[in-house]
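Given next are the chains, with one letter for each unit.
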Amino acid sequence: MAEHFVQINVTAPRAGRLTYNAPGEASIENIQLTEIKEENVLLKTLYSGISRGTESLVYHGRVPKSEWKRMQCPFMSGNFSFPVSYGYACVCEIIDKGASVNGLEKGDRVFVLHPHQDLFQVPSEHCNLLSEAIPTARGVLAANMETALNAIWDAEISNEASCAVIGAGVVGLSTAHALREVAGLSPVIIDVNPTKEKIASSMGFHFETGTERTDSDSKAEYDLIFHTSASAAGLQSAVELAGFEAKIIEMSWYGEKPVTLSLGGKFHSSRLKIISSQVGTIAPAKRHQFSYSQRMQKAIALLDDPRLDNLLEKPIGFHNLPNHLHDIFNPQSDVLCQLIEYTE
């Protein structure tokens, strides 16, 4: 994918920022920038990525009030009662830096957890360098890969022989990729949508169409299952497909949607474990070994694989983005990671 480097007049103290104004409504807001601080870097965004799961809940106003504080992302403006600027997948170029910034130079490409905005400044410690091996557009997958890596750490994988990922979205397929690279496992991808077989195959994974089953069925059982579909049916399938003393890593976030799960049948006799995983905190098994910055750098290193480009959708121009959000967040959409391109 071609690189895009855009000249911006850094003397103009204004920027464009995507703002969700009300449920189902968004616009590009023109905001005033301040003079760069000595500990900050000034960043020009090259690409950002839409997180269809979490950002869809924000866009539709479905973040539960009880979770407003926990759901805040770095540099978010406003709040979930609207208006709010939300997002966490920006790849940027450093175009200026404060006097006290060391270790970063103008022209460096960095990944930053920041809402969709074409020009902004942040403290330098929030910047994560991209190596030359990582194409700029692919860098937007860093946040999803960090989520995948943390889930693998939460699983505390030891001698699990068989593995499945339920949900062939960006998080699910990123988790499958990380399982292959980090743990040497080759998970089966399971999704109710048969059209997802093409993307799973393009990334080198076996695909199966997931359907509910009973204990009398003879389908394979798995030692380890990662659930990412954000549906009660998907989680129930995970329980039914789990083998004896299997672990189910629940990575979905449901917002205010209730989940009904049948825990009769084999759940207790098979001694199944359902383990929640959330990227906001480093997995306990690795907490003493990795800082947040080190975890992100490890996730970025996992992006050095061209098969991950299959997760990226054709870019949409930043200033046209509000016109496309309804389609992007449509539950029937097959969009994976929607790229946003920043040009003049």
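Everything quoted here is computed from the prediction, not taken from an experiment. (Residues numbered from 1 in each chain as written. Predicted model: local features only at pLDDT ≥ 70, side-chain atom pairs only at ≥ 80, totals over all residues. Heavy atoms only, no water.)

## Considerations on the packing of helix H2 (residues 142-155) against helix H3 (residues 170-183)
Where H2 contacts H3, the two axes come as close as 8 Å, and the packing angle between them is 55 degrees. One finds that H2 runs oblique with respect to H3. Both H2 and H3 take part in a crossing whose hand is right-handed. Between H2 and H3, the residues in contact are Asn144, Met145, Thr147, Ala148, Leu149 and Ile152 and Val170, Val171, Ser174, Thr175, His177, Ala178, Leu179 and Val182, respectively. In the contact of H2 with H3, the residues fall into 9 nonpolar, 5 polar and no charged. (Axes fitted to C-alpha atoms, helices over the stretch in contact; angles between N-to-C directions. Helix = DSSP H or I, 4+ residues; strand = E, 2+ residues; numbered from the N terminus. Parallel < 35°, antiparallel > 145°, perpendicular 65-115°, else oblique. Left-handed = near helix turned anticlockwise from the far one by under 90°. Contact = heavy atoms within 4.5 Å. Nonpolar A, V, L, I, M, F, W, Y, C, P; charged D, E, K, R; others polar.)

## So, the packing of aromatic side chains
Across all of its chains, the model carries 6 aromatic pairs by this definition. Between Phe80 and Tyr86, the ring centres sit 5.7 Å apart and the planes meet at 55 degrees, which makes this aromatic pair tilted. No difference in accessibility class separates Phe80 from Tyr86, as the two residues are buried. (Phe/Tyr/Trp six-rings, centres within 6.5 Å; stacked < 30°, edge-to-face > 60°. Buried < 20%, exposed > 50% of the residue type's maximum accessible area, 1.4 Å probe, protein only.)

## Here we look at the layout of surface pockets
When its volume is computed, the second largest pocket comes out at roughly 290 Å³. For the lining of the second largest pocket, the residue count by class is 8 nonpolar, 8 polar and 1 charged. (1 Å grid on protein atoms, 1.4 Å probe; cavity = no way out; pocket = protein on both sides within 12 Å on 5 of 7 lines; lining within 4 Å. Points joined across faces, edges and corners; volume = space filled by probe spheres on them.)

## Examining empty space enclosed by the protein
Applying the stated rule across the entire model yields 1 cavity of 30 Å³ or more. Roughly 50 Å³ of internal volume is contained in the largest cavity. Lining the largest cavity, in full, are Gly49, Ile50, Ser51, Tyr88, Ala89, Val140, Ala143, Asn144 and Cys337. For the lining of the largest cavity, the secondary-structure elements that each account for two or more residues are strand S3 (40-50) and H2. Class assignment for the residues of the lining of the largest cavity results in 6 nonpolar, 3 polar and no charged.

## Observations concerning the pattern of salt bridges
Summed over all chains, the structure comprises 11 salt bridges. Among the ionic pairs, Asp96 bridges to Lys106, the shortest N-O distance being 3.8 Å. Within this pair, whereas Asp96 is found in strand S6 (residues 90-97), its partner Lys106 is found in the loop between S6 and strand S7 (109-112), the two being separated by 10 residues in sequence. The exposed category is assigned to Lys106, whose relative accessible area is 56%. Put simply, Lys266 and Glu221 hold a salt bridge, and the shortest N to O gap is 3.1 Å. Here Lys266, found in the loop between strand S14 (242-250) and strand S15 (273-276), pairs with Glu221, found in the loop between strand S12 (207-209) and strand S13 (222-227); they are 45 residues apart in sequence, far enough to count as distant. Accessibility expressed as a relative area gives 44% for Glu221, which makes it partly exposed. (Salt bridge = Lys/Arg side-chain N within 4 Å of Asp/Glu carboxyl O.)

## Topic: the nonpolar core
One finds Tyr20, Tyr86, Phe111, Ile189, Phe226, Leu311 and Leu325 to be the most contacted residues of the largest nonpolar core, which totals 74 residues. Looking at this core element by element, the count peaks at 9 residues for H2. Ignoring anything within four residues of it in the chain, the contact list for Tyr20 reads Glu25, Ala26, Ile50, Glu55, Val58, Tyr59, Phe82, Pro83, Val84, Tyr86, Leu325 and Phe329. Core analysis: the next-biggest nonpolar cluster, separate from the first, contains 16 residues, Val188, Ile225, Leu235 and Val239 among them. (Core = buried A, V, L, I, M, F, W, Y, C linked by side-chain atoms within 4.5 Å.)

## Points about the environment of Thr45
If you trace the backbone, Thr45 turns up in strand S3. Assessed through its relative accessible area of 2%, Thr45 is described here as buried. C-alpha of Thr45 to C-alpha of Tyr222: the two residues are 177 residues apart in sequence and 42 Å apart in space. Discounting residues that sit within four places of it in the chain, Thr45 has contacts with Cys90, Val91, Cys92, Gln117, Asp118, Leu119, Phe120 and Tyr342. Within the structure, Thr45 has its side chain in polar contact with the backbone oxygen of Gln117 (distance 2.5 Å). (Polar contact = N/O pair within 3.5 Å; in protein donor to acceptor, adjacent residues only side chain to side chain.)

## Describing the sheet that holds S13
Within a sheet, each strand pairs with its neighbour through backbone hydrogen bonds, oriented either parallel or antiparallel. Strand order in the open sheet formed by 6 strands is S12-S11-S10-S13-S14-S15, with parallel pairing between adjacent strands. Of all strands in the sheet, those with a lone pairing partner are S12 and S15, marking the two edges. Averaged over all neighbouring strand pairs, the angle between strand axes comes to 25 degrees, with direction disregarded. Of the strand pairs in this sheet, S13 and S14 are connected by 5 bridges, and their pairing is parallel. (Pairing = 2+ DSSP bridges.)

## As for the side chain of Lys196
Locating Lys196 in the fold gives a position in the loop between strand S11 (188-191) and helix H4 (197-202). This buried residue, Lys196, is left without a salt bridge; Asp191 holds the nearest opposite charge, at 4.0 Å. When sequence neighbours within four positions are dropped, the list of residues in contact with Lys196 reads Ala168, Gly169, Asp191, Phe207 and Asp334. (Lys, Arg positive; Asp, Glu negative; His and termini not counted.)

## Digging into the pairing of S14
Where burial is concerned, most of S14 is hidden: 7 out of the 9 residues are buried. The parallel pair S13 and S14, bridged by helix H5 (residues 232-241), forms a crossover whose chirality is right-handed. Where S14 and S15 come together, 4 bridges link them in parallel fashion. Its bridge partner lying in S15, Glu250 is registered against Ser276. (Right-handed = clockwise from strand over helix to strand, strands pointing away.)

## Some words on the confidence of the model for the chain
Low pLDDT means the predicted coordinates in that region are not meant to be read closely. Within the chain, residue pLDDT values average 93, and 93% of them lie at 70 or more. Low pLDDT, under 50, characterises residues 5-10; the predicted model gives this stretch 17 contacts beyond four residues in sequence or across chains. Low confidence marks residues 212-216, where pLDDT is under 50. Its contacts with residues over four positions away, or in another chain, come to 10 contacts. (pLDDT = per-residue confidence, 0-100.)

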